[in-house]
Amino acid sequence: TCPHDGCTLGPIPIAQYRQLNHADTCPHCPMRCRYASLGCPWKGKRMDLQHHEQTHCALARISPFVQQVRQRGADHQQAILNMQ
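So, here is what we can say about the structure in this document. Source: prediction; values computed, not measured. (Residues numbered from 1 in each chain as written. Predicted model: local features only at pLDDT ≥ 70, side-chain atom pairs only at ≥ 80, totals over all residues. Heavy atoms only, no water.)

## Quick word on the overall build of the chain
Within the chain one finds four helices and two strands. Overall, the chain shows an N-to-C arrangement of helices and strands of α-α-β-β-α-α. Taking 84 residues into account, the globule formula puts the C-alpha radius of gyration at 12 Å, and the chain, at 19 Å, lies well above it. Over its C-alpha atoms, taken along the principal directions, the chain stretches across nearly 60 × 30 × 15 Å. Of all 84 residues assigned to the chain, the portion counted as buried reaches 24%. Counted over contacts in the chain with a minimum sequence separation of 6, partners at least 24 positions apart contribute 19%. Total accessible area computed for the chain in this model is approximately 6,400 Å², and 55% of it derives from carbon and sulfur atoms. Treating the 9 positive side-chain charges of the chain as one cloud and the 5 negative ones as another, the clouds have centres 4 Å apart. (Helix = DSSP H or I, 4+ residues; strand = E, 2+ residues; numbered from the N terminus. Rg over C-alpha atoms; globule rule 2.2 N^0.38 Å. Buried < 20%, exposed > 50% of the residue type's maximum accessible area, 1.4 Å probe, protein only. Contact = heavy atoms within 4.5 Å. Areas by Shrake-Rupley, 256 points an atom, 1.4 Å probe, with all protein chains shown as cover. Lys, Arg positive; Asp, Glu negative; His and termini not counted. Charge placed at Lys NZ, Arg CZ, Asp CG, Glu CD.)

## A look at the pattern of salt bridges
As enumerated under the stated definition, the model contains one salt bridge in all. With a closest N to O distance of 2.9 Å, Glu53 and Arg34 form a salt bridge. A residue pair is termed long-range when its members are at least 10 positions apart, and Glu53 in helix 3 (residues 46-56) and Arg34 in the loop between strand 1 (30-32) and strand 2 (43-45) qualify at 19 residues. Accessibility expressed as a relative area gives 12% for Glu53, which makes it buried. Using a relative accessible area of 60% as the deciding quantity, one classes Arg34 as exposed. (Salt bridge = Lys/Arg side-chain N within 4 Å of Asp/Glu carboxyl O.)

## Digging into the nonpolar core
Residues Cys33, Tyr35, Cys40, Trp42, Leu49, Cys57, Leu59 and Ala60 constitute the largest nonpolar core, which totals eight residues. The contacts of Cys40, once residues within four sequence positions are left out, are Arg32, Cys33, Tyr35, His52, Cys57 and Leu59. Core analysis: the next-biggest nonpolar cluster, separate from the first, contains five residues, Cys2, Tyr17, Cys26 and Cys29 among them. (Core = buried A, V, L, I, M, F, W, Y, C linked by side-chain atoms within 4.5 Å.)

## Details of helix 3
Residues of helix 3 that are buried include every one of Leu49, His52 and Glu53, and no others. Down the axis, helix 3 shows its buried residues gathered within 90 degrees of arc, on one side only. Residues of helix 3 that are exposed and point more than 90 degrees away from the buried face comprise Gln50 and Gln54. Packed against the buried residues of helix 3 are strand 1, strand 2 and helix 4 (58-83). (Arc of directions from axis to C-beta.)

Structural data, given as C-alpha cells:
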C-alpha cells in the first residue's frame, strides 16, 4: 500500500511497489515547488504542483531573470579566475 494519504494504490508486494517506481509517480506524494530555492514556501501534492507553478507561483515568473543573473555571476567568476 502506498504511504501517501489519498492514494488508492491497493496492497501489493513491496517488490512490485518498487518495480512500479510508484513513489516517483504517485500523485499524492508530498512535493515542494521547484522554486523553493528562490523562496517559494508552497508544499502540496504532486498532482497540484504543475497548477501551482503555472498559475500561482510568482517566483516562476521571475525565474528566467534569476537564472540569467546567476549565469552572469558565474561567468564573471570564471573571467576573474582566468585573469589570475
